[in-house]
Amino acid sequence: MATKKKTITKEDIVSKYMNEVLEKGTKPKSVYHFTKENDFTEAEFYSFFGTLEGLEKEIFRLFFENTVSLLHKNGDYLEYNMKNKMLSFYFTFFEILTANRSYVLQVLKMDKNPLKNLVQLTLLRDNFRSYVSEILTDDYRLEQEKLQKFQEKAIQESAWLQLMLTIKFWMEDESAAFEKTDIFIEKSVNASFELMNVAPMNHLIDFGKFLFKEKIYSKQ
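The structure displayed is predicted, hence computed values, not measured ones. (Residues numbered from 1 in each chain as written. Predicted model: local features only at pLDDT ≥ 70, side-chain atom pairs only at ≥ 80, totals over all residues. Heavy atoms only, no water.)

## Section: the overall build of the protein
Assigned secondary structure in the protein consists of 11 helices and zero strands. Taken from the N to the C terminus, the helices and strands of the protein come in the order α-α-α-α-α-α-α-α-α-α-α. Counting the 220 residues in the protein, one finds 40% classified as buried. Considering only residue pairs separated by 6 or more positions, the protein has 63% of its internal contacts joining residues 24 or more positions apart. Per element, the accessible surface of the protein, about 13600 Å² overall, is 54% carbon and sulfur. (Helix = DSSP H or I, 4+ residues; strand = E, 2+ residues; numbered from the N terminus. Buried < 20%, exposed > 50% of the residue type's maximum accessible area, 1.4 Å probe, protein only. Contact = heavy atoms within 4.5 Å. Areas by Shrake-Rupley, 256 points an atom, 1.4 Å probe, with all protein chains shown as cover.)

Take a look at the structure:
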């Protein structure tokens, strides 16, 4: 009696794709080559993804989804203020990135054109911007109704830029256990919330000193 073939899942396809990229050092040429190499059908692939590019974007979205899922398993998380939620997100998200560091570094440096590499982050960007909107509290909203939508978009975009800068810092971080990235996260998040509060500039100055020190000593 023939053995029944195991039904392939979205997670199986993601895992096979990441493994192939890591082992071969290059992306599959086509869906045909990818499925043939990994012993499942194109029909099975297309039941979850429309293209290989769509699969690449989904991998980073899953990093985000797993982060949020882990955050909500912490009973105290919902009681956090916005800044502590953002810090929790960052530390958890970068733990997941670090667990997949080899893949992330490879695919974000694979094309000579950085913009082509960043296309993979499209779904991550959409989900992260929505997340920022969800955790945005009245403390950081303007009272004027006409300016509120503009302000929320500005906060979403600045938060996304901050995340991108942190990813870049993390990719270049050579410190043990990526300790410098942890410092970068804490100082940059503190600085951004100081700016939103238009409060004393202590954290912003502290962050500036950290960046200056990193640039100076990294050149020595």
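Moving on from the model shown.
## Brief notes about a negative patch on the surface
Among the surface-exposed residues, Glu95, Glu179, Asp182 and Glu186 lie close enough to one another that they form a single negatively charged patch. Counting residues per element, the negative patch draws most heavily on helix α10 (residues 179-197), at three residues. The topology assignment puts glutamate 95 in helix α5 (residues 82-99). In this structure glutamate 95 comes out as exposed when scored by relative accessible area, which is 57%. (Patch = residues over 30% accessible without salt bridge, like charges linked within 9 Å, V, L, I, M, F, W, Y side chains within 5 Å. Salt bridge = Lys/Arg side-chain N within 4 Å of Asp/Glu carboxyl O. Lys, Arg positive; Asp, Glu negative; His and termini not counted. Charge placed at Lys NZ, Arg CZ, Asp CG, Glu CD.)

## Overview of helix α8 (residues 122-135)
Taking 1.5 Å per residue as the helical rise, α8 with its 14 residues ought to reach 20 Å, and the 20 Å between its terminal C-alpha atoms agrees with that figure. What α8 keeps buried is the set Leu124, Phe128, Arg129, Tyr131, Val132 and Ile135. Buried residues along α8 cover an arc of 160° about the axis, so they all sit on one side. (Expected span 1.5 Å × (residues − 1). Arc of directions from axis to C-beta.)

## Considering the environment of methionine 164
Counting through the fold element by element, methionine 164 comes out in helix α9 (residues 145-172). Among all residues touching methionine 164, those that are not within four sequence positions of it are Leu118 and Leu121.

## Thoughts on the packing of helix α4 (residues 52-72) against α5
As a packed pair, α4 and α5 sit with axes 9 Å apart at the nearest point and diverge in direction by 130°. By the angle between their axes, α4 is oblique relative to α5. Between α4 and α5 lies a crossing whose hand is right-handed. Side by side, α4 and α5 meet where Phe63, Phe64, Asn66, Thr67, Val68, Leu70 and Leu71 of the first sit next to Ser88, Phe89, Thr92, Phe93, Ile96 and Leu97 of the second. (Axes fitted to C-alpha atoms, helices over the stretch in contact; angles between N-to-C directions. Parallel < 35°, antiparallel > 145°, perpendicular 65-115°, else oblique. Left-handed = near helix turned anticlockwise from the far one by under 90°.)

## Brief notes about the confidence of the model for the protein
Taken over all residues, the pLDDT of the protein has a mean of 87, while the share at 70 or more is 83%. Taking the mean pLDDT of every element in the protein, the minimum, 61, falls on helix α11 (residues 202-218) and the maximum, 98, on α4. (pLDDT = per-residue confidence, 0-100.)

## Some details on the packing of aromatic side chains
All chains considered together, the criterion is met by 21 aromatic pairs. When the ring of phenylalanine 48 is compared with that of phenylalanine 49, the centres are 6.5 Å apart and the planes differ by 50°; the resulting orientation is tilted. For phenylalanine 48, a relative accessible area of 36% puts it in the partly exposed group. For phenylalanine 49, a relative accessible area of 5% corresponds to the buried category. Site record: aromatic cluster; members linked through ring pairs are Phe64, Phe89, Tyr90, Phe93, Phe94, Phe128, Tyr131, Trp160, Trp170 and Phe178. Above the face of the tyrosine 77 ring, lysine 85 is positioned so that its terminal group lies 5.6 Å from the ring centre. Taking NZ or CZ as reference, arginine 101 lies 4.6 Å from the ring centre of tryptophan 170, over its face. (Phe/Tyr/Trp six-rings, centres within 6.5 Å; stacked < 30°, edge-to-face > 60°. Lys NZ or Arg CZ within 6 Å of the ring centre and 35° of its normal.)

## A closer look at the pattern of salt bridges
Scanning the model with the defined rule gives 11 salt bridges in all. Among the salt bridges present, the one from arginine 125 reaches aspartate 126, with a minimum N-O distance of 3.9 Å. Accessibility expressed as a relative area gives 27% for arginine 125, which makes it partly exposed. By relative accessible area, which is 36% here, aspartate 126 ends up partly exposed. Ionic pairing is found between arginine 125 and glutamate 157, a salt bridge with its closest N-O pair at 2.6 Å. Taken together, the residues span a long stretch of sequence, with arginine 125 in helix α8 and glutamate 157 in helix α9 at a distance of 32 residues. Ionic contacts of the salt-bridge type, sharing partners, join the residues Lys10, Glu58, Arg61 and Glu65 into one network.

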